[in-house]
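Tertiary structure, described
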Amino acid sequence: MDQLATQEATIMNDSSPYLSVAMIAAVDPVARQSAAATFLLDLPDAAQLSYDLAVDRPEPALRRVIADRDGTAEAEFVDLDHGCLGCTLRQDVLATLARLTDIDRWRTVVLALPLATPPEPVAAAVDTAVRDGRLVGIRLAPVVAAVDGATAVHDILGDDLLDERDLAHGPRDRRSVGEAVCAQVEYADAVLAVGNSGRQSVGLLRRLLCSSAFLASPHRIDVADLIVRRHDTGLARARIHPLQPAGRPQPDADGVWTLVLQSGRPFEPQRLMARLEDLGTGLIRARGHFWLPSRPGVACVWDGSGGQLSVGIHGPWGDRMPGTALTITGVDPTERERIRDAFATILMTDRELGDLDRWRGVDDGFDPWLGTASSAA
């Protein structure tokens, strides 16, 4: 039953023709609710549309709640489509936003995603639906990542897994907490740090933000100014693109360091395998791309946080020159020189570059992660 439809007669409209949709992503429930409450308190015509994974039912489902200053307007369970949280979430968000524009009760909707959900797929789905006319009267306002400032360093760089905090999106979800937080923070237009944020937490978050995003606390943000901005999905995707430029080196500050390691040379596969742990693990956030002489036609992705490292294939280089570029941020100064040394050691030498043909059709040892080398050449 559509509980909101019965309230349509009491709706008060303003002059705005659009329903602004701001998105909040988090791994911490208190941080998520604190950020959402900031919007509801500062914007009298705002509602919160929140989703949570309900695991205490016979079959997992999403719990959808719509609330505003006056309380809960609707609370429903949504069965997962073929057990897929992501697909179900996107479909239900689009249907619910369409319904809310028809009801026309609020001018702003704060979309609080399920904990540990990456915002990019949902933002892309809303943006696509707006562009192709399936959603009318919707404007995509900024995407906000809400973090616990007191635990941000551990959350991002530690080795905790989501399932260890009961945050996994199913039995196959083996993501680390850091992977989930980074997917939210690095994509967001703004990051709200809730609680007592130490200097190191602030310093780390600022290193991970893109240049156009900003960091604030819920108590020191002008929500009215934020909500009139637009979220640009193209720009947001570009700033998390694995082939983006590595950026500029930054001086150490607040107990945080950043290495920008880049070269036109490929990694030597055998040395990369031998020193993978030296280069890719520790209290670090690392992302970028690399190439191998055994797979010269494809760009390989490097993505790691805390104790986890993921390598994979992005796709053809296209009109880009093959290159290797990693941006690595950490807090332990003893790890910096180890990583710098490993990077320099793994790169191919001048002599090795003169004999690249020897790698054609050779098993480089990375088939389990990158597929067969012959198909990627």
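I will try to describe carefully the structure that is included in this document. All residue numbers refer to positions counted from 1 along the written sequence of the respective chain. Only residues with pLDDT of at least 70 are given local features in this predicted model, and only at 80 or more are side-chain atom pairs given and counted; all residues enter the totals for whole chains, interfaces and linings. No hydrogens and no water enter the side-chain calculation; it runs on all heavy atoms of the structure.

Re the sheet that holds strand β4 (residues 71–79)
DSSP calls a pair of strands paired once it identifies at least 2 bridges connecting them. We count a stretch as a helix when DSSP gives it H or I for four or more residues in a row; a strand needs E for two or more, and each element gets its number in order from the N terminus. Strand order in the open sheet formed by 8 strands is β4-β3-β2-β5-β1-β6-β7-β8, and the pairing between neighbours is mixed. For this open sheet the edge positions go to β4 and β8 (214–216), each flanked by a neighbour on one side alone. Direction aside, the axes of adjacent strands within the sheet are offset by 20° on average. Note on definitions: a residue-residue contact is assigned when non-hydrogen atoms from the two residues lie within 4.5 Å. Working convention: axes come from line fits to C-alpha atoms, limited for helices to the stretch in contact. Angles between N-to-C directions cover 0 to 180 degrees. The sheet contacts of helix α1 (residues 29–42) involve β1 (19–26), β2 (46–54), β5 (108–112), β6 (138–148) and β7 (190–194), and relative to β2 the element is tilted by about 165°. Sitting on the sheet, helix α3 (residues 119–131) is in contact with β1, β5 and β6, with an inclination near 175° to β6.

Brief notes about the pairing of strand β12 (residues 308–316)
Two strands pair when backbone bridges link them, and strand β11 (residues 298–305) and β12 are joined in this way by 8 bridges, in the antiparallel orientation. Residue V301 lies in a different strand from β12, and its bridge partner there is G312.

Quick notes on the state of the cysteines
Here is the idea: a disulfide is a covalent bond, and it sits between the sulfur atoms of two cysteines. Disulfide: a pair of cysteine sulfur atoms within 2.5 Å of each other. For the coordinates displayed, the defined rule picks out 0 disulfides. In this structure C84 is not part of a disulfide, and its nearest cysteine sulfur, from C87, lies 3.2 Å away.

Considerations on the packing of helix α2 (residues 85–103) against α3
Axis angle and axis distance: for two packed helices, these are the angle between their axes and the distance between the axes, and together they describe the pair. Contact pair α2 / α3: the axes reach a minimum separation of 10 Å and the direction vectors enclose 45°. The angle between the axes of α2 and α3 places the two elements in the oblique class. Crossing geometry of α2 relative to α3 is assigned as right-handed. From α2, L89, R90, V93, L94 and L97 reach across to α3, where they touch P121, V122, A125, V126 and A129. Gly is put with the polar residues, along with every residue not named as nonpolar or charged; the nonpolar set is Ala, Val, Leu, Ile, Met, Phe, Trp, Tyr, Cys and Pro, and the charged set is Asp, Glu, Lys and Arg. The residue inventory of the contact of α2 with α3, partitioned by class, reads 9 nonpolar, no polar and 1 charged. Working definition: roughly parallel below 35 degrees, roughly antiparallel above 145 degrees, roughly perpendicular at 65 to 115 degrees, and oblique for all remaining angles. Each helix crossing is assigned a hand: it is left-handed if the near helix lies turned anticlockwise from the far helix by less than a right angle, otherwise right-handed if that turn is clockwise.

What to know about α3
Under the convention used throughout, the expected extent of a helix is 1.5 Å for every residue step, that is, one less than its residue count. Between the first and last C-alpha of α3 there are 18 Å, a value that for 13 residues agrees with the 18 Å anticipated at 1.5 Å per step. Here's how the labels work: a residue is buried when its accessible area is under 20% of the maximum for its type, exposed when over 50%, partly exposed in between, all with a 1.4 Å probe on protein chains only. What α3 keeps buried is the set P119, V122, A123, A124, A125, V126, D127 and A129. The elements touched by buried residues of α3 are β1, α2, β5, β6, α5 (177–185) and α8 (233–239). Two residues or fewer after α3 comes G133, characterised by a positive phi angle close to 90°.

Description of the nonpolar core
Definition of nonpolar core: a set of buried residues of the types Ala, Val, Leu, Ile, Met, Phe, Trp, Tyr and Cys, connected through side-chain atoms within 4.5 Å. In terms of nonpolar packing, the biggest core is built from 83 residues, with F39, L97, L111 and V185 touching the most fellow members. For this core, the element with the highest residue contribution is β6, accounting for 8 residues. With residues near it in sequence (within four places) discarded, V185 still touches A145, V147, V191, L205, L208 and L209. The next biggest cluster of nonpolar side chains, apart from the first, holds 23 residues, and it includes L261, L276, I284 and V311.

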